[in-house]
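Structural features, examined
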Amino acid sequence: LREKIRDLEQSFSQKYPPVKFLSEKDRKRILITGGAGFVGSHLTDKLMMDGHELTVVDNFFTGRKRNVEHWIGHENFELINHDVVEPLYIEVDQIYHLASPASPPNYMYNPIKTLKTNTIGTLNMLGLAKRVGARLLLASTSEVYGDPEVHPQNEEYWGHVNPIGPRACYDEGKRVAETMCYAYMKQEGVEVRVARIFNTFGSRMHMNDGRVVSNFILQALQGEPLTVYGTGSQTRAFQYVSDLVNGLVLLMNSNISSPVNLGNPEEHTILDFFSPPVNMLSSVPKRIRLNPNAYRGRAVSRSQIQFLSEAQDDPQRRRPDIRKAKMMLGWEPVVPLEEGLNKTIQYFSRELEHQANNQYI
Ligand code: NAD
Ligand code: UDP
Ligand code: UDP
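The notes below deal with the structure included here.

Rules used in this analysis
- Residues numbered from 1 in each chain as written.
- Chains lettered and ligands numbered in written order.
- Predicted model: local features only at pLDDT ≥ 70, side-chain atom pairs only at ≥ 80, totals over all residues.
- Heavy atoms only, no water.
- Core = buried A, V, L, I, M, F, W, Y, C linked by side-chain atoms within 4.5 Å.
- Buried < 20%, exposed > 50% of the residue type's maximum accessible area, 1.4 Å probe, protein only.
- Helix = DSSP H or I, 4+ residues; strand = E, 2+ residues; numbered from the N terminus.
- Contact = heavy atoms within 4.5 Å.
- Near = heavy atom within 4 Å.
- Polar contact = N/O pair within 3.5 Å; in protein donor to acceptor, adjacent residues only side chain to side chain.
- Nonpolar A, V, L, I, M, F, W, Y, C, P; charged D, E, K, R; others polar.
- Areas by Shrake-Rupley, 256 points an atom, 1.4 Å probe, with all protein chains shown as cover.
- Salt bridge = Lys/Arg side-chain N within 4 Å of Asp/Glu carboxyl O.
- Pairing = 2+ DSSP bridges.
- Right-handed = clockwise from strand over helix to strand, strands pointing away.

What follows is about the nonpolar core. In this structure, Leu43, Tyr96, Leu248 and Leu262 are the most contacted members of the largest nonpolar core, which totals 56 residues. Counting residues per element, this core draws most heavily on helix 7 (residues 241–252), at 7 residues. What Tyr96 contacts, discounting residues up to four positions off in sequence, is Ile30, Leu31, Ile32, Thr33, Leu43, Leu47, Leu137, Leu248, Val249, Met252 and Asn253. Formed by 23 residues, the second largest nonpolar core is a distinct cluster that contains Ile90, Ala129, Ala134 and Ala177.

Printed below as a string of structure tokens:
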């Protein structure tokens, strides 16, 4: 019998990534809304491995069960198919509220739903936090700064958002979500944390979500021209997902209730940015069949770029001022852009291979 138990224990620990043991007083019951998405699933991994009890709530609009399937069946893990626009009654200690489409094509696909998710969805999660006395962290965004007149953007800046443009459903939705957090804090004493997240990339981001990193990598892997919107002189700063996840956990467990920027301050023009992903294609494993026209380590010439018209209300410059996070959380990004891109390219290659292997099934 003892042998049988040992075998069972062994197969259990082999089945799941390693999980720390936490005593009952340190173990928290944590809700992650949007936990089957790109950022949420990495956050799920970290908090599970840290030994907490996780409930992931997701309506699978842009998230996928596959992102968290390695935890399904684990005694500390529960996945609920639920839309945060509907009320939710559970008992938890902390709420990471990430549910919201995040890429421009996704949030513009159904602007009314994006608004409902960010307003009614956030209201419900704050109502839940109030009822059970939980702390809530809102995944806000650098988009609250709009097309900024202050550069780099610090947390004091109020922003420059077109309230009726195509991005407004997301930008204004997140601004209202922040307003709600502080109303619940002041009026109801709910403990809130607000992370203003800047462009983030990494494995499990959707290949077809239309963001610049996923588009460029996919286009480069498939030997297609890279699509640049406008002149390509607009800038962004990109952080790798593991840096963001560490920042979110530090912020949640800090005593800072005012908004905090989380992003990588290294700024690139979109035109600048396209060279590394393409040059890194030489690192893609040989067994992956790429389009024969793929660039494979060759420098990109301008003929391999397709210039398309500029996106409406596209912020022209964006770069976080992260002095607050550095000073108050002791946080700063540590993953270099090239290393993060390399990992992401490997992930996209595996995904393409997976798709190719499954298309005839
Ligand atoms: P994502 O689309 O991969 O994840 C969002 C998740 O929320 C998905 O799993 C989706 O199915 C779920 N969701 C959407 N609407 C829902 C609803 N009504 N009810 C329940 N679940 C719902 O995007 P992501 O990049 O992981 O973004 C996560 C959060 O971080 C979002 O709130 C986003 O606004 C914020 N953020 C992300 C970035 C970035 O660059 N990735 C930048 C700034 C802010
Ligand atoms: N809510 C929820 N779960 C809870 C408590 C509240 O989803 O555990 C929702 C509730 O449906 C309401 C919203 O959160 O629409 C705001 O709750 P609050 O208590 O602040 O408002 P009230 O119910 O008093 O209107
Ligand atoms: N962009 C581009 N080509 C693409 C996708 C995006 O030139 O194929 C540009 C886009 O216009 C913006 C920048 O890249 O200036 C970042 O876009 P993304 O959608 O990744 O993020 P966000 O606009 O939300 O920062």
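Attention shifts here to the site of ligand 1. Close to ligand 1 lie 30 residues; Val39, Asp58, Thr62, Leu98 and Tyr170 are nearest. Between an oxygen atom of ligand 1 and a main-chain N or O atom of Gly37, the distance comes to 3.1 Å. Backbone polar atom of Ser100 to an oxygen atom of ligand 1: 3.5 Å apart, as the coordinates give it. Mapped onto the shell around ligand 1, the elements with two or more residues apiece are helix 2 (38–49), strand 5 (135–141) and helix 5 (168–188). Here the element with the most residues in the shell around ligand 1 is strand 5; it accounts for 3 residues. Residues of the shell around ligand 1, tallied by class, amount to 13 nonpolar, 13 polar and 4 charged.

What follows is about the site of ligand 2. Inspection of the region around ligand 2 gives Pro87, Leu88, Tyr89, Leu123, Asn124, Gly127, Leu128, Lys130, Arg131 and Tyr184 as its neighbouring residues. At a separation of 3.1 Å, an oxygen atom of ligand 2 approaches a polar side-chain atom of Lys130. Between ligand 2 and Arg131 there is a distance of 2.5 Å, counted from an oxygen atom to a side-chain nitrogen or oxygen. For ligand 2, whose free accessible area comes to 510 Å², the fraction covered by protein is 64%. It is helix 4 (residues 111–132) that contributes the most residues to the shell around ligand 2, 6 residues altogether. Class assignment for the residues of the shell around ligand 2 results in 6 nonpolar, 2 polar and 2 charged.

Let us look at the pattern of salt bridges. As a working rule, side chains carrying opposite charge can pair if their charged atoms are close by. For the structure shown, the criterion picks out 24 salt bridges. Among the ionic pairs, Lys130 bridges to Glu188, the shortest N-O distance being 4.0 Å. Of this pair, Lys130 sits in helix 4 while Glu188 sits in helix 5; the two residues are 58 residues apart in sequence, bridging distant segments of the chain. The partly exposed category is assigned to Glu188, whose relative accessible area is 37%. Salt-bridge contacts for Lys343 lead to Glu339; the nearest nitrogen and oxygen are separated by 3.5 Å. Highlighted residues: Lys343 and Glu339, both in helix 11 (residues 337–358), separated by 4 residues, approximately one helical turn.

Side chains on a regular strand alternate between the two faces of the sheet. Counting buried residues along strand 6 (residues 192–197), 6 of its 6 residues qualify, which places the element largely inside the surrounding structure. Burial along strand 6 is two-sided: Val192, Val194 and Arg196 and Arg193, Ala195 and Ile197, pointing in opposite directions, are all buried. Where strand 5 and strand 6 come together, 6 bridges link them in parallel fashion. Residue pairing for strand 6: Leu138 is matched across the bridge by Val194. Since strand 5 and strand 6 lie parallel, the crossover through helix 5 that links them has a hand, and here it is right-handed. In terms of strand pairing, strand 6 meets strand 11 (residues 260–262) through 3 bridges, oriented parallel. Bridged to Ile197 within strand 11 is Leu262.

Limitation: the analysis is restricted to geometry and does not speak to function.
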